Amino acid sequence: MSIETVQQSGPVYMDAEAYEPPIYNDAFPPLQPASPTENCQAAMPTPGPSYSSMAVKSSTVTQVFHVPLEERKYKEMNQGFGETGSQSSNICQMIMNKTGASIEMSLAKDRSMTIVVTGKSDAVRKARRELISKLQTQASAQLSIPKDHHRYIIGRSGAKLKELELATATKINIPNSDENADYIKIVGTKEGIDKACHEIQLISDAQAKLAFEILQIPCHFHPFICGADNKNLKLMMEQTGAKINVPPPTIHKDEIAVSGEKDGVKAAVNQIKSIYEEKKRKTTTVSLEVRKSQHKYVIGPRGSTIQEILASTGVSVELPPSDDTSETITLRGEQDKLGPAITQVYAKANSVIIEEVYAPSWLHRFIIGRKGKNIREITQNLPKVHIEFQDGRDAIIVEGPPEEVEQARKALDDISKDLQLRFDFANVEISQKFHKHIIGKNGVNVNRIKNATGVSILIPSDEKPSNTIRIEGSPEGVQQAKKELLDMAHRMENEKSKDILIDHRYHRAIIGSKGENIKGVRDLFKDVQITFPNPNEKSDIVSLRGPKQDVEKCYKYLQQMVADHAAKNYRLDVPVYKKFHKNIIGKGGNTINKIKDVTGTKIEIPTENSDSDIIVVIGTKQNAEKAKEMILVIQKDLVNIVEEDVKIPSKYHQSLIGAKGRLVRQIMDDCGGVYIHFPNEGSGSDKVSIRGPKEEVEKAKDHLLELASDMEESSFTAEVQAKPEFHKFLIGRGGVNIRSVREETGARIAFPSPKDEDQQTIQLIGKKDAVKKAKEKLDMLIKDLENIVEGEIAVDPKYHRHFVARRGQILREIGDEYGNVQISFPRNGSKSDKVSIKGSKDCVEGAKMRIQNIVGELESQVTIECIIAQRYHRTVMGSKGSRVQAVTAKYEVGIKFPDRIQNPETNGSTTEEPQVNGDASSETSEEDKPKKSDIIFITGTKENCESAKDALLALVPIVEEVDVPYDYHRFIIGQKGSGVKRMMQQFDVNIAIPPANQQCNIVKLTGPPNNVQEAKQALIDRVKELDEEKEDRMLRNFEVTVNVDPKHHPKIIGRRGAVITKIRQDHDVNIQFPERDDTEQDCIKITGYESKANAAKDAILELVQELEDQVTIEVKIDHRIHSRLIGGRGRAIRKVMDDYKVDIRFPRNTDPDPDIVTVTGMEDDVYDCKDELQNREEEYLQDINDSEMMSQYTQAPSRKEKQHNKTEPPNAGYIVTGAPWNQAPPNTQDTEAFPSIGAASVPTPPRHAHWGPTKKH
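Since this is a predicted model, take the numbers as computed values, not measurements. (Residues numbered from 1 in each chain as written. Predicted model: local features only at pLDDT ≥ 70, side-chain atom pairs only at ≥ 80, totals over all residues. Heavy atoms only, no water.)

(A) Summary view of helix α37 (residues 978-987). For α37, the set of buried residues is Gly979, Val980, Met983 and Phe987. Down the axis of α37, the smallest arc covering the buried residues is 95°, so these residues share one side. Exposed side of α37, more than 90 degrees from the buried face: Arg982 and Gln985 are the residues found there. Where α37 is buried, its residues touch α36 (969-973), β38 (990-992) and α38 (1009-1036). (Buried < 20%, exposed > 50% of the residue type's maximum accessible area, 1.4 Å probe, protein only. Helix = DSSP H or I, 4+ residues; strand = E, 2+ residues; numbered from the N terminus. Arc of directions from axis to C-beta. Contact = heavy atoms within 4.5 Å.)

(B) Up close: the sheet that holds strand β4 (residues 139-144). Taken in spatial order, the three strands line up as β4-β6-β5 in an open sheet, and their pairing is antiparallel. This sheet does not close on itself; its edge strands, each paired only once, are β4 and β5 (171-173). Between one strand axis and the next, the sheet turns through 20° on average, direction left out of account. When β4 meets strand β6 (residues 183-188), the two strands line up antiparallel, connected through six bridges. Residue pairing for β6: Ser140 is matched across the bridge by Val187. Sheet strands touched by helix α6 (residues 190-207): β4, β5 and β6. Its angle to β6, the strand with the most contacts, is close to 150°. (Pairing = 2+ DSSP bridges. Axes fitted to C-alpha atoms, helices over the stretch in contact; angles between N-to-C directions.)

(C) The arrangement of the pairing of strand β27 (residues 687-693) in detail. For β27, a buried count of six out of seven residues is recorded, marking the element as mostly surrounded by other parts of the structure. Pairing between strand β25 (residues 641-647) and β27: seven bridges, direction antiparallel. Considered in β27, the bridge of Glu644 is made with Ile690. In the sheet, strand β26 (residues 675-677) pairs with β27 via three bridges, with the strands oriented antiparallel. What sits directly across from His677, in β27, is Ser689.

(D) Fine view of the pattern of salt bridges. Under the counting rule described, the total for this entry stands at 33 salt bridges. The partner of Glu199 in a salt bridge is Lys253, and the shortest N-O contact between them spans 3.7 Å. Here the residue Glu199 occupies a position in helix α6, and Lys253 occupies one in the loop between β8 (243-245) and β9 (255-260), the gap between them amounting to 54 residues. Look at Lys253 and you get partly exposed, because its relative accessible area is 30%. Residues Glu472 and Arg470 are paired through a salt bridge, measuring 2.6 Å at the closest nitrogen-oxygen approach. Side by side, Glu472 and Arg470 carry an identical accessibility label, which is buried. Connected through salt bridges with shared partners, the residues Arg1036, Asp1068 and Lys1092 form a single ionic network. (Salt bridge = Lys/Arg side-chain N within 4 Å of Asp/Glu carboxyl O.)

(E) A look at the packing of helix α31 (residues 800-817) against helix α32 (residues 841-859). With their axes 10 Å apart at the nearest point, α31 and α32 run at an angle of 140° to one another. Put simply, α31 runs oblique to α32. Considering how the two elements wind past one another, α31 and α32 form a crossing that is right-handed. On the side of α31, the interface is formed by His802, Phe803, Ile810, Ile814 and Glu817, while α32 contributes Ala847, Arg850, Ile851, Ile854, Val855 and Leu858. (Parallel < 35°, antiparallel > 145°, perpendicular 65-115°, else oblique. Left-handed = near helix turned anticlockwise from the far one by under 90°.)

(F) Spatial organisation of unusual backbone geometry. In the Ramachandran plot, Ala169 falls in the positive-phi region, its phi being about 55° despite a non-glycine side chain. Turning to its location among the elements, Ala169 is positioned in the loop between α5 (159-168) and β5. Unlike most non-glycine residues, Asp229 shows phi in positive territory, near 55°. Within the secondary structure layout, Asp229 lies in the loop between α7 (222-226) and α8 (231-240). On the basis of relative accessible area, Asp229 is assigned to the partly exposed category, the value being 48%.

(G) Here's a closer look at the packing of helix α2 (residues 87-99) against helix α3 (residues 121-135). Where α2 contacts α3, the axes come no closer than 10 Å and their chain directions differ by 155°. By the angle class used here, α2 and α3 are roughly antiparallel. Judged by the twist between their axes, the crossing of α2 over α3 is right-handed. Here α2 contributes Ser88, Ile91, Cys92, Met94, Ile95, Lys98 and Thr99 to the contact with α3, which in turn contributes Ala123, Lys126, Ala127, Glu130, Leu131, Lys134 and Leu135. Taken together, the residues of the contact of α2 with α3 break down into eight nonpolar, two polar and four charged. (Nonpolar A, V, L, I, M, F, W, Y, C, P; charged D, E, K, R; others polar.)

That is the geometry; function is a separate question.
Structural data, given as structure tokens:
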């Protein structure tokens, strides 16, 4: 039922006999009761392919773990496991991208998930934790650990906690230090939680002051100590009050930790030892061989089966780890109880069997059926059976209880045999290049064959190179489809492809409107496929494909179409001065139309707003030339236009035109808009045409000849021959050598590109003298390069590292200094001391001497000690070592800082207490001997080491105090600390501002002495600025008041605050008007500088004086025409007020007389406005009277009577009957409508209807 809402602008009148209010239950029907949903059993999907896209790569660490079906977070029962788009696939892909580890998943027969993670150790641990948290259901547990033990669990910088989370694949939440809670929450899998609880408890117990004892009990006896479902362990802890931590079975640890009160620990230890001794004496073991695949049925969900056997027989079942290939199960218990336990183990192991059904792999999808229909029919009555199809295998795996497996096997075997009789397949070898044509556009070809033959055709994707097309279906359909495919392939082999070049501008015309033209061509050549490129590519290549003869005919046909189209659309540009365009058009377009008719061309003239003066003529070449002549004749008749040809060598044309024609356009603009035409590129013509007024043509001619002459002078060329291997030396690193020659001589030097055949010739271009000078310099450089020698020098291997450090910076400096010589040191690890130098003879000798000098300096180096307390080392180093790097670079020394020594009492943290005023010797050790951690070693020449030592000592931080008034602290800090951060970064110091609750004026600066002094001065300067700003604010807060009658306030404010805003801006003051609830409604406050506030006050008083000089009169205007006087959005009345400079106020709905209009302004303006309003009233009233008179002849008599005799009823809105609010209130005494709670009562007949809608039956 739909309800339509109709919006009306006025009241709605309904005749009583024509309208009946709807009933409430019809207008708002009650909702129908929801039908119970049927229980549908979800079909088990066939397992999808393995995660092939996540193949395992070579790595250093591989971890395998399993997630049982009941613990999987995403069961994905209706989707193939691992398929693209599945939740598991997306999560694995995200984790691989995040951690860099490789992940491979597979699904077992019981739908448990096996995950293999490969990669670097850290990446594997992180990926494993992410996988468990995302793919495995998460449990949570709380562990109570004393508050003072939490820091040992967290470790330094949280390292211990991170390590623990990674090792157990859990999330461990430890309360903050300020929280009054000692519970640690662990979220993860049950196994991970057990491991995490065990490790945390060990850490806590090791730190506890209570009794703590670790018992070495072989892990084989742990189940007897814990009991089934940990009942013995819980009972023991209740009795003794001690905490007993038994490691989970998966850890295989022999230790049991007991902590608590000493008596309780002692009692618990005695009980554990007693159980251990008793079981050690009484128990024996029995080994059983059970297939590895059956072990999981012995374990049961979450180990429940093992616990069940332990509870019923008292025998412990020990299974090898899942990654162990052993099939031996060990039973441990008393001799008389081992028999029943063996029976239970075999019963559980054999509760599920596995059978295989032969079925060719290509029939698997037919056996599965559409969307798994066939499999659902088999398994709907066999819920415990699991059917698995494996790619590439001609078998189906059936797993489940024996009796159900047999039923499923028989059903599958029947389907397989039936399909083998009815279905066949064939492989057809067709070149992959024909596959897309066999498929056809949107699959039209292959779908046609499928529908006609009823077969399935499998074509390999482009990503998989294969020529085999597989056909599956009935034998007859397979043979028919095979024949059709081979026929198509044969036809395509005889086809020919040919490309035709058609200017992309003509493509749309050839295709035609809605493809009409190209459709005609395709009808003529039905077997030819014509493919046009995408319009966005702007390609000229059109592809033709089809039988050879038809393709050739179509090719010639399209060539003729293009030639005809090009001949009819020859374009010719005619330059005509803009001012003459109107003469070319003629009156009413007569002139231009006459030219079009005579020549049969299309003429395009630029619009008036366009800057172009080119008229385009389109048609055949002969007709376009004729139209051009006619247009130029008109122009010549209007002005003295001449045309002159100038000969300029064609090689200079492109330079004269300039980039994108900028240069030639500038010449045309400078010469009065003349038109300059260069011949087409490649024509070889030297003729340049200039057209325009005679004087301007001469000017342009001289300009062009002058530019051509300059270019000719600068085009002298010469050649230099140099071997290609010399080119890089002539150019130099970063082009430094060749740039030097260019700047010195002014000549351009062009080296051959890799594509040039002649690789030895270097071209020189420029003025004759410059080219000659550049040639001489290059010849000298080449001569030096030809004198290349190779020498050797012996350098002790211990100094090799110094030369190659910092990416070979020293070698680069030597090479730059000595003619780019090549210096080669022996490979790292080699014991050779031979260093080879290759270059010109003089440069090689110079480089040798330089290397020997450096070696001499290294041999003369010393190492001195600089003692600075370790707590200052970080400050001395600076951010990312910037300060110490500057010292090493400046003094050419090596500086080595000692390793940091952690303070165990502070958990490795160090506190920096800067020395006061550089007092480096204020602290000494008890033995008056420097600590090893305080000694910095400086290596270099003695003088440089001493200078570097002084520089380091100057970087030791000091503390300075600056007195900054507390009120200024917020300005120093800035918004979100931006101010103080900027100052700290600028001066490289630390600025400590006291907390607000202390209201202290002292600001502390910490850092190197020079930086501290600069920052201190900056703070003092900032305080001075704030003092000046404070004084300025006091001056700006001068306040003056002015009393103005509230009736003048709107006029002073102005429309949208225009008047008062102008006063504020002119005098730079703040003006505040009284609020509605203020007692002094006539008081206006002005705040600002004293002089400006008084000036603003005078301006307001002057405005008030003008307002008081105004008069106000009342004009009686018929209220029916008020809306016409006001006009749309008040435009009409606003124009009247602007014309007469008055203010007009119309009455409100609450005013007693709706016809009174108030006019305010200067006396003469008010009365002139009054006359205007009354004149308009008379005019508008006449229109109203005329319309009322005409309405008497346009309305029906019945409507007239109703309008005279009947008053308009009020709008009652939407009316319904039988609504709940129209009924009587409910009877609360009615026990049927309001039954009592907890006691039966006899229902009494209701006296009134129930509250709410009546129920429908």
